[in-house]
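# Chains, contacts and geometry: an overview
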Amino acid sequence: MAEHWLAEEDGAIRGVLPLFRKGGRSPNLFSAPGGLLAEDDATAAALLEPVREIVRRERLAYAELRDQKRAWPGLGTVDEHVTLVLDLAGDPEAQWQAFGSKLR
């Protein structure tokens with residue numbers, strides 16, 4: 001189940017936080033790579049407050065914001081997940097050849 005929060009001001013989007021629920025032994029909320037996107041610290045804090053309340057109220061293990069581009073105040077950081085960025089070649093064959101033989 002997906003949930004999301006959107007921060008708006010004067011009709012302009014200032015931030016977004018999409019989260020998904022994971023069940024099992026340690027139920028939690030987690031984001032897709034990119035996680036919390038916000039214009040500033042105040043917007044980030046406003047988006048995080050309902051998440052913190054859900055974690056408390058539902059006694060979830062945690063909420064995990066994966067692969068953050070920015071460290072937000074008040075959030076612990078773990079470098080477990082990463083995003084790799086690849087410059088693409090002009091055509092598919094050149095791209096395929098750019099990969100090493102072990103990757104292909």
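Going by the structure above, here's the rest.
In what follows, the accompanying structure is described. (Residues numbered from 1 in each chain as written. Predicted model: local features only at pLDDT ≥ 70, side-chain atom pairs only at ≥ 80, totals over all residues. Heavy atoms only, no water.)

Let us look at the layout of surface pockets. For the largest pocket, the calculated volume is near 560 Å³. What lines the largest pocket is a set of 22 residues, among which Ala-63, Glu-64, Leu-65, Gly-76 and Thr-77 lie closest to the centre. When residues of the lining of the largest pocket are traced back to their parent elements, those giving at least two are α1 (41-57) and β5 (62-64). The element that contributes the greatest number of residues to the lining of the largest pocket is α1, accounting for 4 residues. (1 Å grid on protein atoms, 1.4 Å probe; cavity = no way out; pocket = protein on both sides within 12 Å on 5 of 7 lines; lining within 4 Å. Points joined across faces, edges and corners; volume = space filled by probe spheres on them. Helix = DSSP H or I, 4+ residues; strand = E, 2+ residues; numbered from the N terminus.)

For the structure shown, the criterion picks out 2 aromatic pairs. On the numbers, 5.8 Å between centres and 35 degrees between planes, the contact of Phe-20 with Phe-30 is tilted. Highlighted residues: Phe-20 in strand β2 (residues 12-22) and Phe-30 in strand β3 (residues 28-30), separated in sequence by 10 residues. Of the residues examined, Phe-20 reaches a relative accessible area of 33% and is grouped as partly exposed. By relative accessible area, Phe-30 is classed as buried at 19%. (Phe/Tyr/Trp six-rings, centres within 6.5 Å; stacked < 30°, edge-to-face > 60°. Buried < 20%, exposed > 50% of the residue type's maximum accessible area, 1.4 Å probe, protein only.)

An α-helical turn contains 3.6 residues, so a residue and the one three or four places further along point in the same direction. With 17 residues, α1 extends 24 Å between its outermost C-alpha atoms, agreeing within 8% with the 24 Å of an ideal straight helix rising 1.5 Å per residue. Regarding α1, the residues found buried are Thr-43, Ala-44, Leu-47, Leu-48, Val-51, Ile-54 and Val-55. If you follow the buried residues of α1, they end up packed against β1 (2-9), β2, β3, β4 (37-38) and β5. Looking at where α1 begins, the residue whose side-chain oxygen comes 3.2 Å from the main-chain nitrogen of Ala-42 is Asp-40. The positive-phi residue at the C-terminal boundary of α1 is Arg-59, with phi of around 55 degrees. (Expected span 1.5 Å × (residues − 1). Contact = heavy atoms within 4.5 Å. Polar contact = N/O pair within 3.5 Å; in protein donor to acceptor, adjacent residues only side chain to side chain.)

This part covers the nonpolar core. Counting 16 residues, the largest nonpolar core has Trp-5, Leu-17, Leu-19, Leu-36 and Leu-47 as the members making the most contacts within it. Listed by contribution, the elements that provide at least two residues to this core are β1, β2 and α1. Apart from the residues within four sequence positions on either side, Trp-5 is in contact with Gly-15, Val-16, Leu-17, Leu-19, Leu-47, Pro-50, Val-51 and Ile-54. (Core = buried A, V, L, I, M, F, W, Y, C linked by side-chain atoms within 4.5 Å.)

Moving on: the pattern of salt bridges. Taken as a whole and assessed by the stated rule, the structure comprises 7 salt bridges. The salt bridge partner of Arg-56 is Glu-49, with a shortest N-O separation of 3.3 Å. Residue Glu-49 is classed as partly exposed on the basis of its relative accessible area of 40%. What emerges from the salt-bridge pattern is a single network uniting Glu-3, Arg-21, Arg-57 and Glu-58. (Salt bridge = Lys/Arg side-chain N within 4 Å of Asp/Glu carboxyl O.)

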